[in-house]
Amino acid sequence: MSTGRGSDMQDSLSLMQFHDPYLYSGGAGGANLPLSHSFLPHHQGFVHTGDERCPGSKDVPEFVDQATAEVISGEQELAASKEVSEGGGDGAVEEQSGAATAMGGEEEAHGVRMIALLMECAVAVSVGNLADANGMLLELAQMSSPYASSCGERLVAYFTKAMAARLMSSWVGICAPLAPPCAAVHAAFRAFYNVSPLARFAYLACNQAILEAFHGKRLVHIVDLDVVPGGALQWLSLLPALAARPGGPPLLRVTGFGMSASALHDTGNQLAGLASKLSMPFEFYAIAKRPGDVDAAAAVPSRRPGEALAVHWLQHAMYDAAGDDGATMRLVRWLEPKVLTLVEQERGGAPGVDGGGAVNDHGHFLDRFVSALHHYSALFDSLGASRPADEDASRHLVEHGVLGREIGNVLAVGGPSRSGRDKFGCWQSELARHGFLHAGGAGRAQLVAGACPAGLGYTVADDHDGTVRLGWKGTPLYAVSTWTWCPSPHAQR
């Protein structure tokens with residue numbers, strides 16, 4: 001990379017990081033959350049749990065107990081810090097410290113009981129002992145609440161609700177995916193964008209890769225495989241960076257897939273409004289389908305000569321965004337993108353060789369349960385650390401509208417029944433098998449790490465292939481990988 005190009009890229013990325021997307025959100029009502037927030041308040045402490053294990057979890061991998069212990073220990077740390085900070089002197093500190101210790105001990109014991117019972121219930125569900133599982137779920141429902149001050153208790157409440165739905169589907173014999181209203185999904189994801197920096201970090205890494213792929217191109221095209229959750233959030237940050245390039249902005253086309261015509265319409269209007277302010281030629285194409293639906297490829301506008309095309313997909317478990325994964329893969333290969341940016345959740349345990357911790361939504365129920373408990377324990381802990389107030393509306397919206405829905409789909413639905421077809425366990429592995437190569441770029445992890453203030457608990461790491469892994473206290477939560485189409489005689493068709 002030449003010196004001039006590096007300078008241009010740095011300028012663009014600076015604009016990308018500090019652009020306020022709410023300024024161009026057009027028609028945002030009072031119910032919408034503001035999109036410009038400072039980073040999370042300072043949070044310290046890396047929790048080491050040693051070899052302690054929860055009672056009744058002999059056959060469950062140790063990392064489950066680590067994750068849940070981190071939630072409980074993190075809550076005790078925050079509670080004790082709050083008590084000390086509010087004390088009025090040495091005597092008050094000692095008295096409140098003793099009270100906090102006693103309260104912390106009770107909360108820890110309560111948390112251990114809940115987790116042990118939850119694990120026992122999961123084992124009962126996995127072996128088909130629905131009567132015993134139902135009794136344990138009734139007890140768990142009395143022990144936990146999604147409005148509790150304890151992160152662990154809120155986590156158990158959502159897992160209890162999901163497993164109750166799982167039991168109901170087992171009795172009735174019907175297993176349908178949860179499909180919330182698109183407006184609710186967008187509002188909840190917008191709150192997630194504000195409360196947690198994870199989505200912003202993923203956007204930043206993806207946008208840098210797209211900027212590099214579009215360097216020097218006058219015709220550029222982005223295909224977003226699922227617009228609904230984030231709407232225009234990511235692209236509102238990218239447009240100013242493209243407009244600031246030397247020689248003027250390119251002609252930008254954006255094609256968005258999504259299950260909601262109104263969400264697509266709103267996204268197109270917001271992007272068009274910003275493009276007009278930036279004097280950028282812009283076109284938006286709305287496709288109210290999933291990328292794996294029949295005839296989805298026919299709806300994509302034809303590629304223009306010399307046009308650089310990028311495909312973006314932020315994956316989640318709030319609903320089935322793709323449809324048939326095999327058909328989605330065929331669409332992506334047909335597009336032959338110059339760059340493909342993929343954001344995957346890491347719910348498959350320890351990172352592997354081919355694609356890291358794969359999303360494990362198609363295996364045995366107990367495997368899904370263990371992976372989900374590990375993943376969402378870390379997410380609830382991170383949200384509790386950033387928003388410790390007992391009654392935080394934004395945090396509750398995220399936990400209910402994003403994480404709770406995902407837990408429900410992973411546990412209550414999961415597997416091929418979500419769409420009637422098999423789902424890929426790991427898209428990174430599948431991309432490598434179908435003619436795509438990693439397009440790692442130097443500096444992406446450093447850029448993301450530089451945007452994250454030290455001491456919060458969030459972690460950023462990169463693999464040798466350029467994959468950026470975002471996590472909490474060392475637990476990987478999301479993987480951002482970059483790919484390019486490179487067909488070979490050995491690629492599967």
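Here, the structure is the one placed above.
From a predicted model like this one, the values you see are computed outputs, not experimental measurements.

Quick notes on the rules
- For every chain, the first residue of the written sequence is number 1, and numbering continues from 1 onward in sequence order.
- Confidence filtering applies because this is a predicted model: local features only for residues at pLDDT of at least 70, side-chain atom pairs given and counted only at 80 or more, and all residues used for totals across whole chains, interfaces and linings.
- Side-chain calculation: all heavy atoms of the structure are included, whereas hydrogens and water are not.
- Segments assigned H or I by DSSP are reported as helices when at least four residues long, segments assigned E as strands when at least two residues long, and all are numbered from the N terminus.
- Reported accessibility uses the Shrake-Rupley method at a 1.4 Å probe radius. Residues are deemed covered only where the shown protein chains occlude them.
- Between 30 and 60 degrees the pair is tilted, below 30 it is stacked and above 60 it is edge-to-face, where a pair is any two Phe, Tyr or Trp rings, Trp via its six-membered ring, whose centres lie within 6.5 Å.
- Accessibility here uses a 1.4 Å probe with only protein chains present; expressed as a share of the type maximum, an area under 20% marks a residue as buried, one over 50% as exposed, and anything in between as partly exposed.
- Strand pairing is assigned whenever DSSP identifies at least 2 bridges connecting the two strands.
- Whether a crossover is right-handed comes down to one check: with the strands pointing away from the viewer, does the path from the first strand over the helix to the second run clockwise; if it does, it is right-handed.
- Polar contact criterion, stated in full: a pair of N or O atoms within 3.5 Å, where within protein one must be able to donate a hydrogen and the other to accept it, and residues adjacent in sequence count only if both atoms are side-chain atoms.
- Any carboxyl oxygen of Asp or Glu that lies within 4 Å of a side-chain nitrogen of Lys or Arg is treated as forming a salt bridge with it.
- Think of it this way: the bend at a residue is just the angle between two axes, each fitted to seven residues, one set ending at that residue and the other starting at it.

Asks: Hey, could you go over the overall build of the protein for me, with residue numbers and the actual values?
Replies: Of the regular secondary structure elements, the protein holds 14 helices and nine strands. Accessible surface computed for the protein: about 20,200 Å², of which carbon and sulfur atoms make up 55%.

Asks: An account of the packing of aromatic side chains is requested, with residue identities and associated values reported.
Replies: Scanning all chains against the criterion turns up nine aromatic pairs. With centroids separated by 5.0 Å and ring planes inclined at 80°, the aromatic side chains of W313 and W427 adopt a geometry described as edge-to-face. Here W313 is found in strand β4 (residues 308-314), whereas its partner W427 is found in helix α13 (residues 427-433), with 114 residues between them in sequence. Classification of W313 as buried rests on a relative accessible area of 7%. Ring pairing ties together the aromatic residues F159, F365 and F369, which thus form one cluster.

Asks: Lay out the pairing of β4 with the relevant residues and their values.
Replies: Among the seven residues in β4, seven count as buried, and that is most of the element. Of the two faces of β4, the one holding A308, A310, H312 and L314 and the one holding L309, V311 and W313 are both buried throughout. Pairing of strand β1 (residues 219-224) with β4 involves five bridges; the strand directions are parallel. Bridge pairing links V223 to V311 in β4.

Asks: Could you give me a rundown of the pairing of β1, with the residues and numbers involved?
Replies: Within β1, five of the six residues are buried, which leaves the element mostly enclosed by the surrounding structure. Where β1 lies against strand β2 (residues 251-257), six bridges are found, and the strand directions are parallel. Residue V220 lies in a different strand from β2, and its bridge partner there is L252. With respect to chirality, the unit in which β1 leads through helix α8 (residues 233-243) into the neighbouring parallel β2 is right-handed.

Asks: Before we move on, could you go through the side chain of H316 and cite the residues and values that matter?
Replies: With respect to the element layout, H316 can be found in the loop between β4 and α10 (325-335). Here H316 falls in the buried class, since its relative accessible area comes to 13%. Within the structure, H316 has its side chain in polar contact with the side chain of D226 (distance 2.8 Å). At 3.1 Å, the side chain of H316 forms a polar contact with the backbone nitrogen of M318.

Asks: Tell me about the pattern of salt bridges, and name the residues and values.
Replies: Under the definition given, this model contains 12 salt bridges. With its nearest N and O atoms 3.2 Å apart, the salt bridge here joins D320 to R290. Of the two residues, D320 sits in the loop between β4 and α10 while R290 sits in the loop between β3 (282-287) and β4, which places them 30 residues apart along the sequence. Exposure remark for D320: the relative accessible area of 9% places this residue in the buried category. Look at R290 and you get partly exposed, because its relative accessible area is 21%.

Asks: Break down the environment of T475 for me, with residues and values.
Replies: Here T475 shows up in strand β9 (residues 475-485). Remark: the alpha-carbon pair of T475 and T459, spanning 16 residues in sequence, is separated by 8.1 Å.

Asks: Please provide a residue-by-residue account of helix α12 (residues 393-413), values included.
Replies: Residue L403 marks the point of greatest curvature in α12, where the axis turns by about 30°. Counting buried residues in α12 gives 16 out of 21 residues, a clear majority hidden from the surface. With a side-chain oxygen positioned 3.2 Å from the backbone nitrogen of S394, the residue opening α12 is D392.

Asks: Explain the environment of P240 residue by residue, including any values.
Replies: With respect to the secondary-structure elements, P240 resides in helix α8. Residue class for P240 comes out buried when judged on its relative accessible area of 9%. In this structure the C-alpha to C-alpha distance between P240 and A275, which are 35 residues apart in sequence, comes to 8.4 Å.

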